[in-house]
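Tertiary structure, described
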Amino acid sequence: MGHEETASDDATGMHTGGIHHISAICSEPQRNVDFYTGLLGLRLVKRTVNFDDPGSYHLYYGDGVGSPGTIMTFFAWVLPPMVTSRARQGTGQITATSFLIDAASIDFWVDRLAEAAVDFGTPATRFDETVITLSDPDGLPLEIVGRASAPGRQPWQGGPVPAAHALRGFAGATLCLGGYERTARLLTETMGFREVGRDGARFRFQAGDGQDAAMIDLHCQPECDAGRMGIGAVHHIAWRTPSRQQQEQWREVLAAAGYDVTPVLDRNYFHSIYFREPGGVLFEVATDPPGFTVDEPVGELGSELRLPPWLEHRRERIAARLPVIRYGQEPARPV
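Residues numbered from 1 in each chain as written. Predicted model: local features only at pLDDT ≥ 70, side-chain atom pairs only at ≥ 80, totals over all residues. Heavy atoms only, no water.

A complete count under the given rule lists 17 aromatic pairs for this structure. Ring plane angle 25 degrees and centroid distance 5.4 Å describe the contact between Tyr269 and Phe292, whose orientation is recorded as stacked. With Tyr269 in the loop between β14 (265-266) and β15 (271-276) and Phe292 in the loop between β16 (282-287) and α5 (315-321), this pair connects stretches of sequence that are 23 residues apart. The pair formed by Tyr269 and Phe292 is uniform in burial state, with each residue classed as buried. Through pairs of rings, three or more aromatic residues link up here, namely Phe193, Trp239, Tyr259, Phe275 and Phe283. (Phe/Tyr/Trp six-rings, centres within 6.5 Å; stacked < 30°, edge-to-face > 60°. Helix = DSSP H or I, 4+ residues; strand = E, 2+ residues; numbered from the N terminus. Buried < 20%, exposed > 50% of the residue type's maximum accessible area, 1.4 Å probe, protein only.)

Moving on, we get to the confidence of the model for the protein. When pLDDT is averaged across the protein, the result is 91; 91% of the residues are at 70 or more. When the criterion is pLDDT under 50, residues 1-9 qualifies, and its contacts beyond four places in sequence or with other chains add up to 27 contacts. Overall, residues 329-335 carries pLDDT values under 50, and its contacts beyond four positions in sequence, including any with other chains, amount to 18 contacts. (pLDDT = per-residue confidence, 0-100. Contact = heavy atoms within 4.5 Å.)

The next point concerns the sheet that holds β14. The strands making up a sheet are joined through hydrogen bonds of the backbone, oriented either antiparallel or parallel. Read across the sheet, eight strands follow the order β2-β3-β4-β1-β13-β16-β15-β14 without closing on themselves; strand pairing throughout is mixed. Unpaired on one side and paired on the other, β2 (43-50) and β14 mark the two borders of the sheet. Of the pairings in the sheet, the one linking strand β3 (residues 53-62) to strand β4 (residues 71-76) comprises four bridges and is antiparallel in character. Across the sheet, the residue bridging to Tyr60 is Thr73, located in β4. On top of the sheet, helix α4 (residues 244-256) reaches β13 (234-241), β15 and β16; it is set at about 15 degrees to β15, its chief contact. (Pairing = 2+ DSSP bridges. Axes fitted to C-alpha atoms, helices over the stretch in contact; angles between N-to-C directions.)

Topologically, Cys26 is positioned in strand β1 (residues 19-26). Setting aside chain neighbours within four positions, we find Cys26 in contact with Asn32, Phe74, Phe75, Ala76, Trp77, Asp138 and Ile231.

To continue, consider the side chain of Arg147. Looking at the element boundaries, Arg147 is found in strand β8 (residues 141-147). One polar contact links the side chain of Arg147 to the main-chain carbonyl oxygen of Ala171, over a distance of 3.3 Å. (Polar contact = N/O pair within 3.5 Å; in protein donor to acceptor, adjacent residues only side chain to side chain.)

A word on the state of the cysteines. Applying the stated rule across the entire model yields zero disulfides. Unpaired in terms of disulfides, Cys176 finds its nearest cysteine sulfur in Cys224, a separation of 4.6 Å. (Disulfide = S-S within 2.5 Å.)

We now examine the pattern of salt bridges. Between side chains of opposite charge, a pair can form as their charged atoms come close. As enumerated under the stated definition, the model contains 14 salt bridges in all. A salt bridge links Arg267 to Asp52, with the nearest nitrogen and oxygen atoms 3.5 Å apart. Of this pair, Arg267 sits in the loop between β14 and β15 while Asp52 sits in the loop between β2 and β3, and the two are 215 residues apart along the sequence. Owing to a relative accessible area of 13%, Arg267 belongs among the buried residues under this scheme. The exposure class of Asp52 is exposed, given its relative accessible area of 61%. Note that Arg202 is salt-bridged to Asp217, the shortest N-O span being 3.1 Å. With Arg202 in strand β11 (residues 202-206) and Asp217 in strand β12 (residues 215-220), the pair connects residues that are 15 residues apart, well separated along the chain. Here Arg202 matches Asp217 in class, with each residue buried. When salt bridges that share partners are traced, they join Glu129, Arg147, Arg202, Arg204 and Asp217 into one network. (Salt bridge = Lys/Arg side-chain N within 4 Å of Asp/Glu carboxyl O.)

Take a look at the structure:
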């Protein structure tokens, strides 16, 4: 394994704070809830709908308070039995979403996954970290990464995983690309990352000190076919920005660099802009505020269906189309 430190060539003066959230596509929402809360021990911090398709769930998981850098979200595609829309892993996709644990918790997670009869890979070493590979019930590739200096978080106290072994948010993500150079220039020259390691065809970049959901790997795989979006794929990755003002600056910088950037969109819990990086992966820049307590207190996060103000007048019709989700001891009805 090679490892090298190189100075950032960032010419914009802008720096992302790392990963805000990662959004993927699932099928059955109940199975998704059972896996991410019951097995992985994340908290369901928001139960809402896809604002662009209000007839389907958008589920958010995270630490005890829904901190940026811990948020995994899912658009639930509940399709008729004869209709399939499965993803194909390949270039232009995020092919691994990595969760962080303390390095001392690797044995705990090996035992937990084995007890749950989850297929997983033998722990292996990558960049001096221990990595366990697995997939969720829809085939979404995941990793659990043991890092000696894992940051402290506020784990879900009511969850099934002891706080000492709880997931600490994201360790990073892997982008599978046909060629990595243009994406690397975006990261270093525009977004404030720096290259910190190489291992064969894998190139690692980090924002800041790399401790808080701030790592990303570019995996150069020119022989791979292009990926196909669908159930079991990551839809996009979002990067943090602290304010609307800085988000507008991001939009100006990215547009000046030649990227087609959306207008600012109100996602109720954050504001977003979107663009595609050169390898084809959809990037988002999302604000930290206002956060997930904007419409329910910490103690009630994820307990009921929440809709943005512009959809409240459709609540009855929307709720009638959504399946019941059991979360905890009682079924949580979408009303």
